[in-house]
Each structure stands twice: as structure tokens, then as C-alpha cells.
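# Breakdown of the fold
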Amino acid sequence: MNSLTRGLLQLPAYAVFAISVGYLSFWPRYQYAAPDRAVVKVSVSHATKHIKPCVLLTPQQIAELPPNMRRKESCERKRLPLTMEVEIDGDIMLRVQAEPSGLWGDGPASVYQRFEVEPGIHLVTTRLRDTDRADGWDYSRTDEHMLHQGRYFTVTFKAETGGLVYR
Amino acid sequence: MAALKRFLRTLFLRWEAVLELAFGQQNNPVVNLGALGWYFFWIAAGTGIYLYIFFDTGITNAYASVEYMTHDQWYAAGVMRSLHRYSSDALVVVVFLHILREFSLDRLRGRRFFAWITGVPTLWLIYICGISGYWLIWDKLAQYIAIATTEWLDTLPFFGEPIANNFLNSTTLGNRFFTLMVFIHIFAPLFLLFLMWLHIQRHARGRVNPPRSLAVGTAITLLALSLVYPAVSQGPADLDTVPATLQLDWFYLLAYPLLDVVPGGKLWLILVGGTLFLALLPWVPPLKPTPVAVVSLDNCNGCGRCVEDCPFSAITMEPRSDGLAFDTQAVVLADNCMSCGICAGACPTSTPFRRARELIPGIELPDHSIAGLREKTVAAAARLNGARRVVVYACEKAGAEVLGGPDAQVITMPCVAMLPPAFIDFALSRRLADGVMLAGCAEGDCYFRLGDEWTRQRLAGQRDPYLRSRVPRERLVTSWLPAVSTRRRQHALSQFIDALRALPTADNERTR
Ligand code: HEM
Ligand code: SF4
Ligand code: SF4
């Protein structure tokens, strides 16, 4: 076989290679989320209260501790779980209880969730509990919001600045 | 496992045979997959350096700088961008084919585990390079990758707070993660290069460059693809909008859509488990250890030819330990030796004409001795009774046993390059045969890597030990074919026998 025929025979091989590389580099398209819906993202990281309140130590108790471990109060490291729910127009969309992080359960508890909703004006209610109360909530917020098609609506929390934030 | 390997091997050999029609054997892409991997790596690295000149490494201007390259400078940086992308894609393609092929050829078990084991982490590195690269464009795809990757990482119990919070909405975006990605995208390829280098450390003369015509052909192909279908961005990232419809690079991002159906934690388990499984394959099932080459110091003159020819860097020259008047002696590194016997074929003392009482060369395989090879040659010649008699020296892997018959007797060895060329002279000059055939694996595809090349060079007088010029070349033929091509092999033999008929017979006078 002469080199010209060889070269011609190589063309289809190279073409197949180029087409498969070019195609799979962009196609088929992937639908990550429905384009005609809005997406609510809920992300809350918050250090809940300790399981037991800290108790002040008496001077005598302090004196009994080894010198390098003396402190004013005694705290249980472990924290409470974080409970929260999100309601849209009265329907519960999310209800979770998150455990505190860390090996000793002393880190912040985190909730990270997302879900799709119909775009439009909605009444968004979020409630959050970070204490050991039996019922009721420590934080809550209810607002009417326009949720736009193809956009994120985020629910976050910052205790220092007053609690739940909608955006 | 053996059946799977056999099945894959047949597929590859058929594919190889088809491509051979267009490329010839030396340039066959199928036998150059590892070298193509290196080549595509270099293209990606070179184009990457060019892109870095124009790339703005801050998250606010990164997208615009890529847009500038793609559109305003489409003829240079734009082409570089497309080449960067497509060569990275091509790297994934050839590496996966390379893995399958090395697996199918069973080049991973026993002492051969090293290349396999060091290959496995390159896979993770390749993906880290690719994913961090897509991040840097900071378009909608990058935004999706950032969200999906951090959400996926958050399924691991490492982070107190979700790292996905960095990409919650446009108020949470910072430069920190982006800078980390720039850093990773520069250093991961360097580490990958280190692993690629390590990968071939037990290969003498690792084939890291594809043949020229293949290099030119693939480069033109990628360039043409880049011009016809340039890589473009998918709109600037905006953390407040949902990147709903995306064009994924499936070579790098295949795992991401799986996250819609498989929980992230489970997907980590699958990937880590799959990696461990891959890493264990060299021992599934374990290979019975084969005896390694041994040096006979009395017969070694320290010439170093065996070191030159060993395909697995398994021999070193060390200072003489036995007081003989030579400077050095050959020492076998048992862990690297794959028992191919190629060193015995290279040793100047491996000649069947030797008058020494016992034929012991400087180096040989204990279970395939050179003395045994001489006995087998004499015995095979005695069994030949056709009108034209051919001794076939064949590689065990070449499937040449089918050639046996009254006209031809087959003597197998681990690799045909174990045969010292003097044996051809021996068989013909002692009139043990009318012709000699050497049958091995397909060109450039020797199971022991370099056997076919060394044999060709020895026969052509380009490499020690030479085939002596007195040997009538018309009585010698080589047949480099994959084991599946039995019919072509038989055809080659009958053609050879026909050609021998035109020559006078060696009159069956058997000396010694
Ligand atoms: C960046 C990725 C990789 C590149 C560039 C690459 C390249 C190469 C090259 C150049 C060779 C030597 C070929 C020769 O000289 O005979 C080779 C051999 C080999 N590679 Fe890779 N490789 C890569 C990844 C892998 C992976 C992921 C695996 C398997 C998990 C693998 C398994 C092997 C094996 C088994 C051999 C043959 C070893 C032998 O002949 O003993 N490689 N590779
Ligand atoms: S048998 Fe093969 S691998 Fe072992 S030392 Fe000899 S040439 Fe090298
Ligand atoms: S080729 Fe033979 S003689 Fe030369 S160094 Fe190797 S073992 Fe010794």
C-alpha cells in the first residue's frame, strides 16, 4: 500500500477521533435544574446551646482542681441538636434536626438543603430552635417574597445580627 | 478475570488489525496509547502556559480575560484554549484505553505491578487537573462545578460548616476558593508529571514519544477541531441565578450528574472502592513467580550488553567481586526482572558454537537455558522431514505453535529476543535446517516491550550481537504478528517454504 492510500485511510480514523472528542466535550446537554422554577437554598450553621447550662464553681471547688485546669465554671461540651422547618404558603417544605458537629458534639450544627418551587409571590416561614424547650421556637421569620424563575432564594442565619436572613 | 482479559485482548487485537491497514504497525495508535498520553499532556501543558499569560487570576476578572482570549484573540489564545481543552479530553480517552489494553495484555501481574500501581493515582490527578481547570473559567459551568463539588465534599465529615456556603449567593462569594483553584491547577499537573515519570521508572527507554507521523496527525486533528468547533464559555457565573442547563465535558465531569441519583457519600465510597479495586488487580489472581535471570560470573566479561538490552532496567554493572581482570560485572535486580531472557540473547557468550565443555553464558534464565536451546534446536532439526526444513524460533506469546509440522518445528521461549543471533548461523551453517523463521508479537507491541526492536537491529547489524554477514539472508524470515493472526502467520510460513524451494537444499548433512 502506498503512503497516499495510507494517508487517505487515516482520514476517517482521525475524523472519528475528532468528532467523538468534540462531541462528548459539550454534548449531550445536562439539565441540572428545571429552568422554569425557582430554587430555595437553606443553609444554616449555628452553635446551639449546651446540653446543660454551665454552672459556676465555688472557690472551694476551684481549689480542688489541679492548678493547670482551674476555671470559673464547669460546662458540658456537648451541644443540643438544631431543629428547623421551612414552610411555603403553609406547606412544610423542610423539617430537619441537625446534630452538632465535632468529635465531642461541641461544634456548630449545620443544615444545607435546596428545593425547587414554582416562581411567584410566596409566604415564606422559617422557624428554628437551638435550646431544649419542649415546644415553640427560638427564632422565626415570615415574609412575603417574590421568588423569580431561574433564581436562587436563600435562607441563612446569623445569630449576632438578629437571626434569619432571606435573600 | 482471565476470560475478561482474553475477551478484551481479542477486541484490542481486532481493532489494532483494522487500524494497521491505515497506519501500519509502527504508527498504530493502539500500540502507542501510553506515548500519546504523554504527548497530549505536553500539548495541554504548553497551551496552558500560553493561556496563563493572558489569564486574570482574580475571580472578578477571570471570566472577562477568558472571553478576551476566546473572541478578541481567537486566532492565538482562542486556539490555544481549544487545544488545551481538547488535548486534555484526548488524554482521558487514551489513558482509559491504555489501562484497558495493559490490563488485557496482562502487563500488570507479578513483578510487573509497579507501572500499574503508580498509574492508578495518575487518574485522580488527571481529574483534579481537569476539574480545577473548568473552575477557572468562572462561567456558568464553573459555577455549577463549584456548587456541586463543594456540596459533594460536604458529604465527607471533614468540615464543621458546609464549604458550599462559599457559593450560596453573590454576597458570599470570595476570592479565597478561586485562588486555591488557580494554585491547584498549576501544581496538580506538575505532580501528575512526576507520577508519569515514576510510572515508567522500571522501563528502560520508556516510550514517551509517539512516532512522528502519529504526533503530526493527532496535532493536526486537534487543531482542526479547535478551529472548526472552538471551546467557548457558557455565560458569566452569577451565584444568584440557577445554572439550569449545562454543556458538560463528559470526559471530566461524568461523575457529577451521578450526584443527582447517588448520594454524595456513597459516590465517594464507590470511587475510593473502585480505586482500591483497581490497585489490587495486579494480584488478582497472584502470578506464580518466574525464576529471574542469573549471572554466571565465570562467563561474564563485563561488556554491559545485557544492561543495554534489558527492557526493565533490571541489570546494573557493579565493580567486580570475583577478582577476575575485568572492571565490572552484571548484577540482576531480582525485583525488576520479568524473566524475558532478552539479556541472554544479548550476551556475547551465548553462542552455540562455543567449545567450552558446558554452554553457560554470562547471563540466562535458569528455566530456559541457552544450552537447552541448543539441544532443542538439534532435536527439532531431527524431527524435520519435509522437502524444505524450517526451524521456527518463536515467542511464547505469539501463538506460533500452529506452524508445527513436517516442514517446520517450533521452539518457543519467553521472548524471541532471547535467541542469540548466532543460533541462526548455527542452524543454517550446520545444515540443521534450510531456513529459519523468527516469530514474535506484532511490531512495536512486544509483550516484553523491546524484543522485536532489538531483534530487528541485531539482524540488521545495528546492535550487538550482530548476525554474521555470512548468514544467507534469503534463508531467514521474520514474522511479527499478533497472536490472533494465525492465518497470516501460516501464510507467511508457506510463502517462505516456497521461496526456499527455489534455493538448493542443505543436503541434510548433520554435523554433530
Ligand atoms: C497520565 C497517565 C498515563 C500515562 C501518560 C501513561 C504512560 C505510559 C507509558 C509511556 C508506558 C510505557 C510504555 C512502554 O514504554 O512500553 C506505560 C506503561 C504502562 N502503564 Fe501507563 N500511563 C498512564 C496511566 C496509567 C494508568 C492509570 C494505568 C493503570 C492503572 C497504567 C498502566 C500501565 C501499565 C500496566 C504499563 C505497562 C507496564 C509494563 O509494560 O510492564 N498507566 N504507561
Ligand atoms: S530476563 Fe529480561 S528483565 Fe530479567 S534481567 Fe534479563 S532482560 Fe532484564
Ligand atoms: S552481556 Fe553477558 S558478558 Fe556482558 S555484562 Fe552482561 S552477562 Fe556479562
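Keep in mind it's a predicted model, so treat the numbers as computed, not measured.

All names here are of chain B. Strand 6 (residues 390–395) sits mainly inside the fold: six of its six residues count as buried. Of the two faces of strand 6, the one carrying Val390, Val392 and Ala394 and the one carrying Val391, Tyr393 and Cys395 are both buried. Note that strand 6 and strand 7 (residues 408–413) share six bridges and pair parallel. Opposite Ala394, over in strand 7, you have Thr412 as the bridge partner. Of the pairings in the sheet, the one linking strand 6 to strand 8 (residues 435–440) comprises five bridges and is parallel in character.

Okay, the interface of chain A and chain B next. Opposite the 38 residues of chain A that make contact, chain B presents 54 residues. Carbon and sulfur atoms make up 61% of the area that chain A and chain B hide from each other, which totals about 4000 Å². Summed over the three residues of chain A that lose the most area to chain B, namely A:Tyr14, A:Phe26 and A:Tyr30, the buried surface amounts to 21% of that side. In this assembly, chain A and chain B are joined by two salt bridges. The partner of A:Arg167 in a salt bridge is B:Asp240, with the nearest N and O atoms 2.9 Å apart. The tally of links from chain A across to chain B stands at 22 residue pairs in polar contact (both at pLDDT 80 or more). Take the side of chain A that touches chain B: its biggest share by element is 11 residues, from helix 1 (residues 3–24) of chain A.

Moving on, we get to the site of ligand 3. Not every one of the 13 residues close to ligand 3 is listed here, only the nearest: B:Cys300, B:Cys303, B:Gly304, B:Cys306 and B:Cys347. By residue class, the composition of the shell around ligand 3 is eight nonpolar, four polar and one charged.

Let us now look at the environment of B:Leu141. Residue and element names in this part refer to chain B. Its location among the elements puts Leu141 in helix 6 (residues 140–153). On a C-alpha basis, the gap between Leu141 and Ser233 in space is 8.0 Å, while along the polypeptide they are 92 residues apart. Leu141 has contacts with Tyr134, Gln234, Leu246, Gln247, Leu248 and Leu253, leaving out every residue within four places of it along the chain.

Residue and element names in this part refer to chain B. Along the chain, the position of Arg101 falls in helix 4 (residues 74–104). Between the alpha carbons of Arg101 and Leu8 there is a distance of 7.5 Å; along the sequence they are 93 residues apart. In this view, Arg101 contacts Phe12, Glu16, Val30, Val31, Leu33, Arg107 and Asp445; residues no more than four positions away in its chain are not counted. Side-chain polar atoms of Arg101 contact the backbone oxygen of Val30, separated by 3.5 Å.

Residues of chain A with pLDDT of at least 70 account for 99%, and the chain-wide mean is 88. Summarising per-element confidence for chain A, the mean pLDDT is lowest in strand 4 (residues 73–74) of chain A (76) and highest in strand 1 (residues 30–31) of chain A (94).

Turning our eyes to something else, we now look at the sheet that holds strand 7 of chain B. All names here are of chain B. Within the open sheet, the four strands sit side by side as 7-6-8-9. Their pairing is parallel. With partners counted over all chains shown, the strands left at the sheet margins are strand 7 and strand 9 (476–480), one partner each. Within this sheet the neighbouring strands show an average axis-to-axis angle of 20 degrees, counted without direction. Sheet topology places strand 8 next to strand 9; five bridges connect them, and they run parallel. From the neighbouring strand, Leu438 faces strand 9, where its bridge partner is Thr478.

A word on the packing of helix 14 (residues 370–383) of chain B against helix 15 (residues 422–429) of chain B. All names here are of chain B. For the pair helix 14 and helix 15, interaxial distance at closest approach is 11 Å and the crossing angle is 30 degrees. Between helix 14 and helix 15, the angle falls in the class roughly parallel. Both helix 14 and helix 15 take part in a crossing whose hand is right-handed. Packed against helix 14, whose contacting residues are Ile370, Leu373, Arg374, Thr377 and Val378, the element helix 15 presents Phe423, Phe426 and Ala427 at the interface. For the contact of helix 14 with helix 15, the class distribution of residues is six nonpolar, one polar and one charged.

Our focus in this paragraph is the coordination of the iron atom of ligand 1. Residue and element names in this part refer to chain B. Every protein donor of the iron atom of ligand 1 is accounted for by His98 (NE2) and His199 (NE2), and the metal-donor separations fall at 1.9 to 2.0 Å. Coordination at the iron atom of ligand 1 is octahedral, judged from the six donor atoms that bind it and the angles of 86 to 179 degrees they form at the metal. Residue His98 is located in helix 4, and its partner His199 is located in helix 7 (residues 176–199); the two are separated by 101 residues in the primary sequence. On the accessibility criterion, His199 (19% relative accessible area) is buried.

What follows concerns helix 14 of chain B. All names here are of chain B. Taking 1.5 Å per residue as the helical rise, helix 14 with its 14 residues ought to reach 20 Å, and the 20 Å between its terminal C-alpha atoms agrees with that figure. All of the buried residues in helix 14 are Ile370, Gly372, Leu373, Thr377, Ala380 and Ala381. Buried residues in helix 14 make contact with helix 13 (342–346), strand 5 (363–364), strand 6, strand 7 and helix 15. In this structure Ser369 caps helix 14, since a side-chain oxygen of it lies 2.9 Å from the backbone nitrogen of Gly372.

What follows covers the domain arrangement of chain B. Residues and elements named next belong to chain B. Splitting chain B by domain gives domain 1 (2–283) and domain 2 (294–511). Its C-alpha centre places domain 1 at a distance of 43 Å from the equivalent point of domain 2. Listed as interface residues are 19 residues of domain 1 and, on the opposing side, 26 residues of domain 2. When the two sides are added together, the surface that domain 1 and domain 2 hide from each other amounts to roughly 2000 Å², 42% of it contributed by carbon and sulfur. Our count for the domain 1 to domain 2 interface comes out at four salt bridges. Linking domain 1 with domain 2 are 17 residue pairs in polar contact (both at pLDDT 80 or more), by the criterion used here. In terms of residues, the side of domain 1 that touches domain 2 owes the most to one element, helix 1 (residues 2–23), which gives three residues. In the side of domain 1 that touches domain 2, the residues fall into four nonpolar, five polar and 10 charged.

What counts as what
- Residues numbered from 1 in each chain as written.
- Chains lettered and ligands numbered in written order.
- Predicted model: local features only at pLDDT ≥ 70, side-chain atom pairs only at ≥ 80, totals over all residues.
- Heavy atoms only, no water.
- Buried < 20%, exposed > 50% of the residue type's maximum accessible area, 1.4 Å probe, protein only.
- Helix = DSSP H or I, 4+ residues; strand = E, 2+ residues; numbered from the N terminus.
- Pairing = 2+ DSSP bridges.
- Contact = heavy atoms within 4.5 Å.
- Buried area = accessible area lost by both parts, 1.4 Å probe.
- Salt bridge = Lys/Arg side-chain N within 4 Å of Asp/Glu carboxyl O.
- Polar contact = N/O pair within 3.5 Å; in protein donor to acceptor, adjacent residues only side chain to side chain.
- Near = heavy atom within 4 Å.
- Nonpolar A, V, L, I, M, F, W, Y, C, P; charged D, E, K, R; others polar.
- pLDDT = per-residue confidence, 0-100.
- Axes fitted to C-alpha atoms, helices over the stretch in contact; angles between N-to-C directions.
- Parallel < 35°, antiparallel > 145°, perpendicular 65-115°, else oblique.
- Left-handed = near helix turned anticlockwise from the far one by under 90°.
- Donors = N, O, S within 2.8 Å, 3.2 Å for Na, K, Ca; no water.
- Tetrahedral: all angles 85-135°; square planar, octahedral: opposite > 155°, others 65-115°.
- Expected span 1.5 Å × (residues − 1).
- Domains from an automatic or database assignment.

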